[in-house]
Every structure is written in C-alpha cells, then in structure tokens.
There are 2 protein chains.
Amino acid sequence: MKIGFIGLGVMGRPMAQHLIEAGHELYLHRVKPASAHLVEGGATACASASEVARSADIIILMLPDTQDVEQVLFGEDGVVSGVEPGKLIIDMSSISPLATKEFAARVASRGCDYLDAPVSGGEVGAQAASLTIMVGGKPEIFERARPLFERMGKNITLIGGVGDGQIAKVANQIVVALNIQAVSEALRFTIGAGADPAVVRKALMGGFAASRVLEVHGERMINETFEPGFRIRLHHKDLSLALESARLLQLMLPNTAIVHQLMNGALAKGLGEKDHAALIHAL
Amino acid sequence: MKIGFIGLGVMGRPMAQHLIEAGHELYLHRVKPASAHLVEGGATACASASEVARSADIIILMLPDTQDVEQVLFGEDGVVSGVEPGKLIIDMSSISPLATKEFAARVASRGCDYLDAPVSGGEVGAQAASLTIMVGGKPEIFERARPLFERMGKNITLIGGVGDGQIAKVANQIVVALNIQAVSEALRFTIGAGADPAVVRKALMGGFAASRVLEVHGERMINETFEPGFRIRLHHKDLSLALESARLLQLMLPNTAIVHQLMNGALAKGLGEKDHAALIHAL
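Residues numbered from 1 in each chain as written. Chains lettered and ligands numbered in written order. Predicted model: local features only at pLDDT ≥ 70, side-chain atom pairs only at ≥ 80, totals over all residues. Heavy atoms only, no water.

S.K.: I tried to follow the overall build of chain A on my own but got confused; where do I start?
M.R.: Counting its regular elements, chain A contains twelve helices and nine strands. A principal-axis box enclosing the C-alpha atoms of chain A has dimensions of 65 × 45 × 35 Å. Burial analysis of chain A (283 residues in total) assigns 59% to the buried set. A sequence separation of at least 24 residues applies to 65% of the contacts in chain A between residues at least 6 apart. For chain A, the exposed area adds up to about 10500 Å²; of that, 51% sits on carbon and sulfur atoms. Here chain A contributes 26 positive and 30 negative side-chain charges, whose respective centroids are spaced 2 Å apart. (Helix = DSSP H or I, 4+ residues; strand = E, 2+ residues; numbered from the N terminus. Buried < 20%, exposed > 50% of the residue type's maximum accessible area, 1.4 Å probe, protein only. Contact = heavy atoms within 4.5 Å. Areas by Shrake-Rupley, 256 points an atom, 1.4 Å probe, with all protein chains shown as cover. Lys, Arg positive; Asp, Glu negative; His and termini not counted. Charge placed at Lys NZ, Arg CZ, Asp CG, Glu CD.)

Now the structure itself:
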C-alpha cells in the first residue's frame, strides 16, 4: 500500500520502519539524518506534505502538538492541498480532542476520511510494535486501517467517533499523572514519617492501592532511576491539552491542575527530560 | 488464649467472632445488643476496659479514632490501669502514626508490649477474615500475635517498628483516595468531551493507567452503584490523619489536601455513607 508518513521523531521513525518492513511503499516528508535509513530502506523522500498526499493513499501524521497537525494539514503546501477524494488521513499524534473534530470535518469536506489514533507506550512501545492505540472514527474506516495499526501496536481499540481516540488518550494521561502523584505523596509521607518505602510499596500492592504505577513508577522512585520511560516534558504537554479542553468544556479537574503546576515546577528544576516518576522531586 | 477485645463496631464484631470460633476465651467491653451474640457464643462481658485488661493476656483495640484509643488505654478505668507486665496490647484501629509511637512508649513503661496493626478490606474483609493487616512492632512480638492475625486476615505484613503499621495504612489511604480522584477526573473528562466512559475505562485497563481502582471503583462510577464498600465518611477521617501528620512532619501533600476538601464537599452533600467511588459527585 502507498502510505505517507509525516513526523519522523523518536516515535515516528520506528513506526514508519515497521510499515516498510511489512512491505508498504512509504512517502516521507522532512527526512533528516536520523531518518535517512528509512530512505535507504526503500522509502521515498518528498519535498512537501502536499507531495506526500499526492503520492500516497493513506497519510499518517505523528507530530508533537495540535498546531503542528494544523500546519501540516492546512498550511501552505499542506496535506489537504494535495489530497483527492477517497484518501484517508490518520492522525496518530496526541493533540486536542476538540481541534481533532474540527480538523476531521474540514478533511471530510474534501471528500477524505479521517481517523484519530493516538498511542501510548512510548519509545519502547514504538520500537517493539507494542503500542496501545486508541482510535476515533467510523468503524469501516477503522477496519481499513487496522492492518497498519497491527504492525505498530498490540492493544488496539475503536473508542468511538472522530475525536474519541484523543479523548481516551487524554483520560489515560490524566489517570497516569494523578496515579504517579498518588504514589509520590504516599512515599513522601512514608519516608517523612520514618518507615521503609520499599516494604510499604510491597504491602500496598496486595490491596486496593495496587496499580501499574505503584508497581513500575513506585519502584523507580524508590531506586531513584529516572531514565525515560516517558518524559515529564511530554506528559506536561498532555496535561496542558487536558486543561485546555476542560476550560472550553467547563469541566473542573482540580488534581490535574495541581499536577500540571507541579510539572511546571519540575521543568523549572530541569527535570523535563527525566521519566515522569521524577515528579516525586517536585514535592 | 485469653483475649480482650474492645471496639465492637461493624469491623470489630466479625473479627471478635473469628477469634471465638478459633477457640479463644474472649473478654469484651461495652457489649451492646448488636454484639450480644458474642456473649451468647461464650465471650465474657466486662464492666470496664481495666477489667478486660486484668482478665486477658492480649488486649485488642478496634476503635474509631486516635482520641478513642487514648481514652480506652489511659483514661479512667482504662486498659493501662489494669495491665501487669508481660501483657500485649494490639491496636488494630486506624489512628495517628505519631500518637501511636507515644502510646507504645507509655505502654512499654508499664512493662507491656505493643503492636499497631491497622487493617484494610472493610466490612466484607472483616466478615470473610480476608483483611490486609499492616503491623508495626518488634518481630518476636509480631510472631506472638501472628496466629490471631491469621484468623482475621490474609495479607499480613510486618512493616517495621511501632507506628509503621499506621504509616503504611495512611499511605494506603492516600493512594486509594488519589487513585479514585484520578479516575473521577478522567471519567468526568471523558463524559464531558462526549466519549463512552465504559469503552474508555476498558481501553485504559490495558496500559499504565491500570489499577484496582480503575477496575472496581471505575465500574461503580459508570454504573452509579455506591453502596459501600468503604464509606466516604471513614476515608475522610483517614485523610484527616494523613494531613494532621503531614502538618507536624512538614510534608507537602497537595493532592491529598484537595481530595480532603472534595470529601468535605461530599459530606456536605450528604454522601458520607456512600462508597468512596461516589467522590465523582464532588466534581
């Protein structure tokens, strides 16, 4: 299949690689030295997003933030200027759910289909093709894209209509951030009150306090091992999305707002490139 | 073995019952109609805590709060006025870790041993003898009490020295409360943004957002089934303990403080006797 792939960062590079290895014909934009091996492996470098869109049937985006997606889709020489009706745009970036619905409507007005399909699992998951993929869009379009998703991830769910993938991703990032803060406060309390955090963590794993975060991030906090994993800088961006949407939707997310502030503090302390378990050092 | 049991509430009654069924000779204080069946089952009703302490070798307390334990131990006709050296006091209430260390020291000055052994698992766990028991005290004293704990619970851990059981219990209640708030904010966001919370919850269970709270309390929130379970009123008390200790220890617990405030709001709305999953209605 002819697939465009725009956004060759630490996540996008291994994802595109998996698609090449599956025998697809890839069209890339902004090929830098770090992604030159993809062209050597048979992919075609294009001069613009528009050229990618003209060459491919399905165009995948994996970009940092909402504005980047908007620019690549609707900016000068953007994807939409190159598409014909019937093409499919899949946005695998983590961006605003509300903007996603608007982008999908604008794409639909050009006769094209749209899926939002943000992922979780980080660099490790991208490399191992074990990403969790949360998809929003029409069921028949989801089925068209499913073989591609299966090359990049494992836990693949159609959440609902367009935008619902992004909503699930934001919900995921809220839970993970607040669970990290829960474990941070509990371990800070344990240490400050004079008990052994490793013993307490183990005892708590047997009851209602059990979580993946207590298991994985709790251990990182106790051992002070903060190589990412998932960087505070990126999680901070995801909570910014949550709070921006919450403002527009008039939703009250008090603990998300506090953790966003604590992440501001962590960034100010130079912890942005550390694993999000290092949030314990914001206390 | 001759065992005193003081505190025959919804937790204490089934716990005492298990000890009677194990063949122990029980001495009780303040036997009300709800606990009359224990006396019919062979336990002895005593006129004071002091009389309980004189009659038994091990005295177990299962009381609502720090002041209740202080009153029963050191008040008029209290436990300490009736003990002789060599007796063992086990406080299974959930109370202040700092006060616990002081109580244990005062008890030790009378030549008696002390364990703090708070539990989690609620009424269901007390009835099923499946409580999680977090113990603080000397290892040899823990071993002396272990056969009794094994009649009341399953996941039994010696956390460390005196007070460390209470520290673990507070840490547990912080994590559970903050995980409930995490799921509350994520589901409120999901619903407010227009996606299906049941589908999102299921998708999130496959990744780093997975927790016992997302599984159990998340389902209660979605189905609006708030029969306790564990009551907001009691969880509110436990966070009060956490924040009181944090104040004395100069520890910063911002999200615990916010959830405590939200529980104030839930109590004001008359939700105190609902399961703590009903915290979603404080948003």
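S.K.: Just to check I follow, could you spell out the relation of the copies chain B and chain A for this structure?
M.R.: Each copy of the chain is related to the other by a rotation around an axis and a translation along that axis. Of the transformation superimposing chain B on chain A, the axial component is 0.0 Å and the angular component is 180°, with the fit at an RMSD of 0.0 Å. With respect to symmetry, the two chain copies, as superposed, fit the operation of a two-fold axis. Within chain B, the C-alpha atom positioned nearest to the axis of rotation is that of serine 211 of chain B, 1.9 Å from it. Residue by residue, 100% of the interface of chain B is reproduced at the interface of chain A, so both copies engage with the same surface. (Least-squares fit on C-alpha atoms with pLDDT ≥ 70 in both.)

S.K.: Mind showing me how you'd approach the interface of chain B and chain A here?
M.R.: Interfaces are frequently sized by the accessible area removed from exposure as the parts join. Contacts between chain B and chain A engage 58 residues on the former and 58 residues on the latter. When the two sides are added together, the surface that chain B and chain A hide from each other amounts to roughly 4800 Å², 72% of it contributed by carbon and sulfur. Counting across the chain B and chain A interface gives zero salt bridges. At the boundary of chain B with chain A, the tally comes to eight residue pairs in polar contact (both at pLDDT 80 or more). Where the side of chain B that touches chain A is concerned, the elements lending two or more residues are helix H5 (97-108), strand S9 (153-160), helix H8 (164-193), helix H9 (197-204), helix H10 (212-223), helix H11 (232-249) and helix H12 (254-268) of chain B. Ranked by residue count, the leading element in the side of chain B that touches chain A is H8 of chain B, at 21 residues. For the side of chain B that touches chain A, a count of residues per class yields 38 nonpolar, 15 polar and five charged. (Buried area = accessible area lost by both parts, 1.4 Å probe. Salt bridge = Lys/Arg side-chain N within 4 Å of Asp/Glu carboxyl O. Polar contact = N/O pair within 3.5 Å; in protein donor to acceptor, adjacent residues only side chain to side chain. Nonpolar A, V, L, I, M, F, W, Y, C, P; charged D, E, K, R; others polar.)

S.K.: Before we go on, may I ask you to explain the nonpolar core in this structure?
M.R.: Soluble globular proteins tend to pack their nonpolar side chains together in the buried interior. Of all hydrophobic cores here, the largest spans 87 residues; its most connected members are Ile174 of chain A together with Ile174 and Phe189 of chain B. When sequence neighbours within four positions are dropped, the list of residues in contact with isoleucine 174 of chain B reads Ala182, Glu185, Ala186 and Phe189 of chain A together with Leu239, Ala242, Leu253 and Thr256 of chain B. (Core = buried A, V, L, I, M, F, W, Y, C linked by side-chain atoms within 4.5 Å.)

S.K.: Explanation requested: the pairing of strand S6 (residues 113-116) of chain A in the structure shown.
M.R.: Strand residues, when the strand is regular, have side chains that alternate between the two faces of the sheet. All names here are of chain A. Burial along S6 is two-sided: Asp113 and Leu115 and Tyr114 and Asp116, pointing in opposite directions, are all buried. Sheet analysis places strand S5 (residues 88-91) next to S6, joined by four bridges and oriented parallel. Bridged to isoleucine 89 within S6 is tyrosine 114. Between the parallel elements S5 and S6, the chain passes through helix H5 (residues 97-108) in a crossover that is right-handed. (Pairing = 2+ DSSP bridges. Right-handed = clockwise from strand over helix to strand, strands pointing away.)

S.K.: I would appreciate a short explanation of H11 of chain B in the present structure.
M.R.: An α-helix turns once every 3.6 residues. As a result, residues three or four positions apart point the same way. Residue and element names in this part refer to chain B. The end-to-end C-alpha distance of H11, which contains 18 residues, comes to 25 Å, matching closely the 26 Å that a straight helix rising 1.5 Å per residue would cover. Those residues of H11 lying buried are Ile232, His235, His236, Lys237, Asp238, Leu239, Leu241, Ala242, Ser245 and Ala246. Of the residues one or two after H11, glutamine 250 is the one with positive phi, at around 55°. (Expected span 1.5 Å × (residues − 1).)

S.K.: I tried to follow the pairing of S5 of chain A on my own but got confused; where do I start?
M.R.: Residues and elements named next belong to chain A. Here S5 shows no split at all, with Leu88 and Ile90 on one side and Ile89 and Asp91 on the other all buried. Judged from the four bridges that link them, strand S4 (residues 58-61) and S5 form a sheet pairing that is parallel. Each bridged residue has a counterpart across the sheet, and for leucine 61 the counterpart in S5 is aspartate 91. In this fold, S4 hands off to helix H4 (residues 66-74), which returns the chain to S5; that crossover is right-handed.

S.K.: Honestly, the packing of helix H11 (residues 232-249) of chain A against helix H12 (residues 254-268) of chain A in this entry has me stumped. Any pointers?
M.R.: Axis angle and axis distance: for two packed helices, these are the angle between their axes and the distance between the axes, and together they describe the pair. Residues and elements named next belong to chain A. Relative orientation of the contacting elements H11 and H12 amounts to 145°, with a least axis distance of 10 Å. In terms of crossing hand, the pair formed by H11 and H12 is left-handed. Counted together, Ile232, Arg233, His235, His236, Leu239, Ser240, Ala242 and Leu243 of H11 and Thr256, Ala257, Val259, His260, Met263, Asn264, Ala266 and Leu267 of H12 form the full contact between these two elements. Residue composition of the contact of H11 with H12, grouped by class: nine nonpolar, six polar and one charged. (Axes fitted to C-alpha atoms, helices over the stretch in contact; angles between N-to-C directions. Left-handed = near helix turned anticlockwise from the far one by under 90°.)

S.K.: Mind showing me how you'd approach the environment of isoleucine 58 of chain B here?
M.R.: All names here are of chain B. Among the secondary structure elements, isoleucine 58 is positioned in strand S4 (residues 58-61). Considering only alpha carbons, one finds isoleucine 58 and glutamate 25, 33 residues apart in sequence, at a separation of 11 Å. Once residues lying within four places of it in the same chain are set aside, the contact partners of isoleucine 58 are Met1, Lys2, Ile3, Gly4, Leu88, Ile90, Arg144 and Leu148.

S.K.: Explain the packing of helix H8 (residues 164-193) of chain A against helix H10 (residues 212-223) of chain A here, please?
M.R.: Residue and element names in this part refer to chain A. Between H8 and H10, whose axes approach to 10 Å, the crossing angle comes to 50°. When the axes of H8 and H10 are compared, the pair comes out oblique. The handedness of the crossing between H8 and H10 is right-handed. Only Val213, Leu214, His217, Gly218, Met221 and Ile222 of H10 make contact with H8, whose side of the interface consists of Val176, Asn179, Ile180, Val183, Ser184 and Leu187. Grouping the amino acids of the contact of H8 with H10 by side-chain chemistry returns eight nonpolar, four polar and no charged. (Parallel < 35°, antiparallel > 145°, perpendicular 65-115°, else oblique.)

S.K.: Help me understand the packing of aromatic side chains, please; the structure alone is not making it clear to me.
M.R.: In this description, a pair of aromatic rings is defined by centroid distance and the angle of the planes. Summed over the entire model, instances satisfying the criterion amount to four aromatic pairs over all chains. Over the aromatic face of phenylalanine 74 of chain B sits the side chain of arginine 106 of chain B, whose NZ or CZ is 3.7 Å from the ring centroid. (Phe/Tyr/Trp six-rings, centres within 6.5 Å; stacked < 30°, edge-to-face > 60°. Lys NZ or Arg CZ within 6 Å of the ring centre and 35° of its normal.)

S.K.: Explanation requested: the confidence of the model for chain A in the structure shown.
M.R.: Close reading of the predicted structure is inappropriate where its pLDDT is low. Taken as a whole, chain A shows an average pLDDT of 97; of its residues, 100% reach a score of 70 or greater. For this predicted complex, the interface confidence reaches an ipTM of 0.96, while the overall pTM sits at 0.96. (pLDDT = per-residue confidence, 0-100.)

S.K.: Can you help me understand the state of the cysteines in this one?
M.R.: Such a bond, covalent and formed between the sulfur atoms of two cysteines, is termed a disulfide. Residue and element names in this part refer to chain A. Tallying each qualifying case throughout the model produces zero disulfides over all chains. Unpaired in this structure, cysteine 46 has its nearest cysteine sulfur neighbour in cysteine 112, at a distance of 17 Å. We classify cysteine 46 as buried; its relative accessible area is 9%. (Disulfide = S-S within 2.5 Å.)

S.K.: Teacher, can you tell me more about H12 of chain B here?
M.R.: Taking 1.5 Å as the rise per residue, H12 of chain B with 15 residues should run 21 Å; its terminal C-alpha atoms sit 21 Å apart, in good agreement. If you check which residues of H12 of chain B are buried, you get Pro254, Asn255, Thr256, Val259, His260, Leu262, Met263 and Ala266 of chain B. Where the residues of H12 of chain B are buried, they touch H8 and H12 of chain A together with H8 and H11 of chain B. Just past H12 of chain B, the residue glycine 270 of chain B takes up positive phi, approximately 80°.

S.K.: So what exactly am I meant to see when it comes to the pattern of salt bridges here?
M.R.: For side chains bearing opposite charge, pairing can occur when the charged atoms are close. All names here are of chain A. Summed over the entire model, instances satisfying the criterion amount to 19 salt bridges over all chains. Of the charged contacts in the structure, one is a salt bridge between glutamate 70 and arginine 106, with a shortest N-O distance of 3.7 Å. One end of the pair, glutamate 70, is in helix H4; the other, arginine 106, is in helix H5, with 36 residues separating them in the sequence. When the shortest N-O distance is used, the salt bridge between arginine 233 and glutamate 273 registers 2.6 Å. Here arginine 233 is found in helix H11, whereas its partner glutamate 273 is found in the segment after H12, with 40 residues between them in sequence. By relative accessible area, arginine 233 is classed as partly exposed at 39%.

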